[in-house]
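Read off the chains here:
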Amino acid sequence: MKTYGKVRALDGLDLAVPRGSVLAVLGPNGAGKTTSVRVLTTLLRPDSGRAEVAGIDVLRHPERVRERIGLSGQYAAVDEHLTGFENLDMVGRLYHLGRRVARERARELLGVLDLEDAADRPVRTYSGGMRRRLDLAAALVARPQVLFLDEPTTGLDPRSRVGMWQVLSGLVAEGTTVLLTTQYLEEADRLAHSIVVIDHGKVIAQGTSDELKAKVGGDVVEVVVADHDQVPYTVSALDGLGQGTPVVEEHTRKVSMALSGTRPAAEVLVEALRRLDGEAVRMLDIAVRRPTLDDVFLTLTGHVSEPDQEPDTVAAGGRKGRGR
Amino acid sequence: MSGALQVMGDGFVIAKRNLIKVKRVPDLLVASTLSPIMFVLLFAYVFGGSIDVPGVNYREFLIAGIFAQTMIFGATITGMSLAEDLQKGVIDRFRSLPMSQAGVLIGRTSADVMFNLLVITVMSVTGLIVGWRIRTSFLEALAGFVLLVLFAYAISWVMAVVGLLVRVPEVFNNAVFIMIFPLTFIANTFVPSDNLPTVLRAFAEWNPVSAVTQAARELFGNTNPLQPVPEAWPLQNPVLYTLLWVVVTLAVFVPLSVAQYRRAAAR
């Protein structure tokens, strides 16, 4: 447990990552993702509780944990004035790899992360995506047993994000144990073996991406109508085709209905079309879609994930007077 | 690696990192020397004509004071940079590495000593240009410079604690100005302390900035042996008082800043 004044950042959070697997910790801003990572990487002492990383007690032997982990933070913690090579070389020396090994490893990682051309340029000249890759490289210097990635793609443009995902998928395939925090459902879906959804410092759901989606139910039929007047007819047409009642999104004129999974989705779709046609509803769009993790999130937390706001360390910086 | 060796090694790596910045951002050195050069010109040519220091050429009197002030400003870089590193998350990275906890601070303060050596070189040349002269032996002059740099080194550790406490570079700047201005002006740096009102005079005479300035003046031969030194013990024994102050400051602020480093990073 960890409290900042009256804010309880972590509240009985329980996580486990099997060796060689990737766990995504998914949650909105202020859910406690960064705080969890800071506790596990020895940066922060919890008020109570226990944590083990690579079989070592984090509270009792932080220095031994530090030898075995790599941390890549939410904002790239690399030195602006040093070159990419100098940054990695420095980190290698601070892991006590020795002068020669540190240099070789720095060059090697610059190659792996596609930063060779920029290796000898000060980081000041790097783009956001390049800085993130360098920060990741710094976390990889000592070939850590456990890698912590705190929102590795927050703030990146879509292209850099996909590039980062490719790099991370490669790492994951090599069997590194990874704890990844993210606000992006797609990211968790793509990279993680299992997902933990947290909110207000508590685990509210966990499982594989498919298991979580199954919790929300099966497929969803979505209809967008041409006119607001037609929404009630659409609702009555769809009612009874799935579980519960249809959900209406007024401003987009969208009506969605979660299917129960007892009948094939295509069959339900045909029946829905027949009924809507019978009501003479003018449709702009109709589709069956698989539930996304967004649906999971909405169902579990009662609010949508908020990827477009400031990262939660900003909020953490404003919390004063932490209690122990 | 044994403990002490590891601390030194880590400190060396960090110092190297900080010195690379001095090399890549030459503005830093320019900014740190430009304002003391202005002070030299201002006091030497504007105020100097109206300040009478019995028995000594005012420009010779002035330079040791400017040196002391410049060294103190140089030492503020320690706190400023630590606050920046905290803000940018660089300290988080260091804290997640299996390096020594004191390494970052030792590296930081050592690099700032090197930086201050550069600054005092530039300032000495400036001094020579406006008419300052060393009138003692090489060894005495060297002792004067060493004392100034040692003094700055101790201040660096004080600044480290302040920087880690306030965490925000802009706030640090303001906090430090409030500390430094009375310390460097209520002293014998720019005018002799004899003419100050009683309370201020007592402050000035026990102010370590006065002691280091007095010590440097004596070691550079910028005092008139015929003129009496104020009777206050620190100014009668300026070298000893400065050394004592340095030792006590380090003994207090080195452990304090290491403790504050752990606490500041763990937020």
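This structure is a prediction, so every number in the text was calculated from the model and none was measured. (Residues numbered from 1 in each chain as written. Chains lettered and ligands numbered in written order. Predicted model: local features only at pLDDT ≥ 70, side-chain atom pairs only at ≥ 80, totals over all residues. Heavy atoms only, no water.)

A few points about the overall build of chain A
Spelled out, the test is: A run of H or I in DSSP becomes a helix once it reaches four residues, and a run of E becomes a strand once it reaches two; helices and strands are each numbered from the N terminus. The cut-offs for exposure are 20% and 50% of the maximum accessible area for each residue type, with area from a 1.4 Å probe on protein chains only; residues under the lower value are buried, those over the upper are exposed, and the others partly exposed. Pairs of residues are marked as contacts when any of their non-hydrogen atoms sit within 4.5 Å. Residue burial considers only the protein chains on display, and all accessible areas are found by Shrake-Rupley using a 1.4 Å probe.
A tally of helices and strands in chain A yields 12 helices and 14 strands. Evaluated residue by residue, chain A yields a buried proportion of 49% over its 324 residues. Within chain A, contacts between residues separated by at least 24 positions form 68% of all contacts whose residues are at least 6 apart in sequence. For chain A, the exposed surface amounts to about 15,000 Å²; the carbon and sulfur share of it is 48%.

A short note on the sheet that holds strand S11 (residues 220–225) of chain A
Residue and element names in this part refer to chain A. Let me state the cut-off plainly: In this description, strands pair whenever DSSP reports at least two bridges between them. In this description, a line fitted to the C-alpha atoms serves as the axis of each element, helices being fitted only across the stretch in contact, and the angle between N-to-C directions of two axes falls anywhere from 0 to 180 degrees.
What the four strands build is an open sheet, ordered S12-S13-S11-S14; its pairing is antiparallel. The outermost strands of the open sheet, each flanked by one partner alone, are strand S12 (247–249) and strand S14 (283–289). For this sheet the average axis-to-axis angle between neighbouring strands, irrespective of direction, equals 15°. Pairing of S11 with S14, which is carried by six bridges, proceeds in the antiparallel orientation. Pairing of Val 224 across the sheet is with Asp 285, part of S14.

Observations regarding a nonpolar patch on the surface
Residues and elements named next belong to chain B. Operational definition: The residues that make up patches have over 30% relative accessible area and no salt bridge, and they are joined within 9 Å when like-charged or within 5 Å when they are Val, Leu, Ile, Met, Phe, Trp or Tyr. By definition, a salt bridge exists where a carboxyl oxygen of Asp or Glu is found within 4 Å of a side-chain nitrogen of Lys or Arg.
A cluster of nonpolar residues, Phe 138, Leu 139, Leu 142, Val 146, Leu 150, Val 239 and Leu 243, forms a patch on the protein surface that exposes about 620 Å² of accessible area. Of all the secondary-structure elements, those providing two or more residues to the nonpolar patch are helix H6 (138–166) and helix H11 (238–265). Take the nonpolar patch: its biggest share by element is five residues, from H6. With respect to the helices and strands, the residue Val 146 is situated in helix H6.

Things to note about the packing of H6(B) against helix H7 (residues 169–185) of chain B
Between two packed helices, the angle of one axis relative to the other and the distance separating the axes together describe the packing. Residue and element names in this part refer to chain B. Convention followed: Our angle categories are set so that under 35 degrees counts as roughly parallel, over 145 as roughly antiparallel, 65 to 115 as roughly perpendicular, and the remainder as oblique. Whether a crossing is left-handed or right-handed is set by the direction in which the near helix is turned from the far one by less than a right angle, anticlockwise for left-handed and clockwise for right-handed. Throughout this entry, Asp, Glu, Lys and Arg are counted as charged residues, while Ala, Val, Leu, Ile, Met, Phe, Trp, Tyr, Cys and Pro are counted as nonpolar. The remaining residues, Gly among them, count as polar.
Where H6 meets H7, the closest approach of the two axes is 9 Å, and the angle between their N-to-C directions is 140°. Accordingly, the angle class assigned to the pair H6 and H7 is oblique. Crossing hand, H6 versus H7: right-handed. For the pair H6 and H7, the contacting residues are Met 159, Val 162, Gly 163 and Val 166 in the first and Val 171, Phe 172, Val 176, Met 179 and Ile 180 in the second. Grouping the constituent residues of the contact of H6 with H7 by class yields eight nonpolar, one polar and no charged.

Some thoughts on the side chain of Arg161(A)
Put simply, the rule reads: Just so you know, the count uses Lys and Arg for positive and Asp and Glu for negative, and it drops His and the chain ends.
The topology assignment puts Arg161(A) in helix H6 (residues 158–173). Of the buried charged residues, Arg161(A) lacks a salt bridge, with Glu187(A) as the closest side chain of opposite charge at 4.8 Å.

Quick notes on the environment of Pro228(B)
Among the structural elements, Pro228(B) can be located in the loop between helix H9 (208–220) and helix H10 (233–236). In this structure the C-alpha to C-alpha distance between Pro228(B) and Val90(B), which are 138 residues apart in sequence, comes to 52 Å.

What about the interface of chain A and chain B?
The following threshold applies: In this description, buried area is defined as the sum, over both parts, of the accessible area (probe of 1.4 Å) that is lost when the two are combined. Polar contacts, as used here, are pairs of N or O atoms within 3.5 Å; protein pairs need one atom able to donate a hydrogen and one able to accept it. Residues neighboring in sequence count only if both atoms are side-chain atoms.
Taken residue by residue, the interface counts 34 residues in chain A and 28 residues in chain B. Between chain A and chain B, a total of about 2,800 Å² is buried, with carbon and sulfur atoms accounting for 57% of that surface. Among the residues chain A hides against chain B, the three largest losses belong to Arg66(A), His81(A) and Leu94(A). Together they make up 23% of the total. Applying the counting criterion to the chain A and chain B interface returns four salt bridges. One salt bridge connects Arg17(B) with Asp79(A), and the closest N-O pair in it is separated by 2.5 Å. On the surface where chain A and chain B come into contact, there are 11 residue pairs in polar contact (both at pLDDT 80 or more). When contributions to the side of chain A that touches chain B are tallied by element, the ones reaching two or more residues are helix H2 (62–66), strand S6 (69–72), helix H3 (84–94) and helix H5 (128–140) of chain A. Among the elements that make up the side of chain A that touches chain B, the one with the highest residue count is H3(A) (six residues). Of the residues in the side of chain A that touches chain B, the class split is 17 nonpolar, six polar and 11 charged.

Some points on the pairing of strand S10 (residues 202–207) of chain A
Residues and elements named next belong to chain A. Across five bridges, the pairing between strand S9 (residues 194–199) and S10 is antiparallel. By the bridge assignment, Val 196 is partnered in S10 with Gln 206. Here S9 hands over to S10 after two residues, with His 200 in that stretch at a positive phi of 50°.

Brief notes about the pairing of S6(A)
Residue and element names in this part refer to chain A. Burial along S6 is two-sided: the residues Ile 69 and Leu 71 and Gly 70 and Ser 72 are all buried. Relative to strand S7 (residues 146–150), S6 is paired through four bridges, and the arrangement is parallel. Paired with Gly 70 across the strands is Leu 147, a residue of S7.

Focus: the sheet that holds S10(A)
All names here are of chain A. The mixed open sheet is built from six strands, whose spatial order is S6-S7-S8-S3-S9-S10. Bordering the open sheet on either side are S6 and S10, each of which pairs with just one other strand. With strand direction ignored, the average angle separating the axes of adjacent strands in the sheet is 15°. Of the pairings in the sheet, the one linking S7 to strand S8 (residues 177–182) comprises five bridges and is parallel in character. In the sheet register, Phe 148 faces S8, and the bridge partner there is Leu 179. Each of strand S3 (22–26), S6, S7, S8 and S9 is contacted by helix H1 (residues 33–40), which is oriented at about 150° to S8, the strand it contacts most. Sitting on the sheet, H5 is in contact with S6 and S7, with an inclination near 165° to S6.

Regarding the side chain of Asp92(B)
Note on placement: Asp92(B) falls in helix H4 (residues 90–96). Here the side chain of Asp92(B) touches Arg38(A) through a polar contact of 2.6 Å, side chain to side chain.

Describing the packing of aromatic side chains
Ring pairs (aromatic) are described by centroid distance and by the angle formed between their planes. Threshold: Each pair of aromatic rings taken from Phe, Tyr and Trp, with Trp reduced to its six-membered ring, is defined by centres within 6.5 Å and is described as stacked if the planes are under 30 degrees apart, edge-to-face if over 60, and tilted in the remaining cases. Note on criteria: charge over ring means Lys NZ or Arg CZ within 6 Å of the ring centre, with the direction from the centre no more than 35 degrees off the ring normal.
Under the criterion given, the structure shown has 20 aromatic pairs over all chains. Between Trp132(B) and Phe220(B) the ring centres are 5.4 Å apart and the planes differ by 80°, which places this aromatic pair in the edge-to-face class. Note that Trp132(B) is positioned in the loop between helix H5 (103–130) and H6 and Phe220(B) in helix H9, a separation of 88 residues in sequence. One exposure class covers both Trp132(B) and Phe220(B), and it is buried. Following the ring pairs from residue to residue traces out a cluster consisting of Phe39(B), Phe43(B), Phe47(B), Phe73(B), Phe177(B), Phe181(B), Phe185(B) and Phe190(B). Here the basic side chain of Arg107(A) rests over the ring of Phe85(A), its NZ or CZ set 4.1 Å away from the ring centre. Positioned over the ring face of Tyr184(A) is Arg161(A), at 4.1 Å from the centre of the ring.

Focus on the nonpolar core
Applied cut-off: Put simply, a nonpolar core is a bunch of buried Ala, Val, Leu, Ile, Met, Phe, Trp, Tyr and Cys residues held in one set by side-chain atoms that sit within 4.5 Å of each other.
In this structure, Leu88(A), Leu136(A), Ile195(A) and Phe94(B) are the most contacted members of the largest nonpolar core, which totals 68 residues. When near neighbours in sequence (up to four residues on either side) are disregarded, Leu88(A) contacts Ala106(A), Leu109(A), Leu110(A), Leu134(A), Ala137(A), Ala138(A) and Val141(A). Residues Phe115(B), Val119(B), Ala187(B) and Phe190(B) belong to the second largest nonpolar core, which totals 44 residues.

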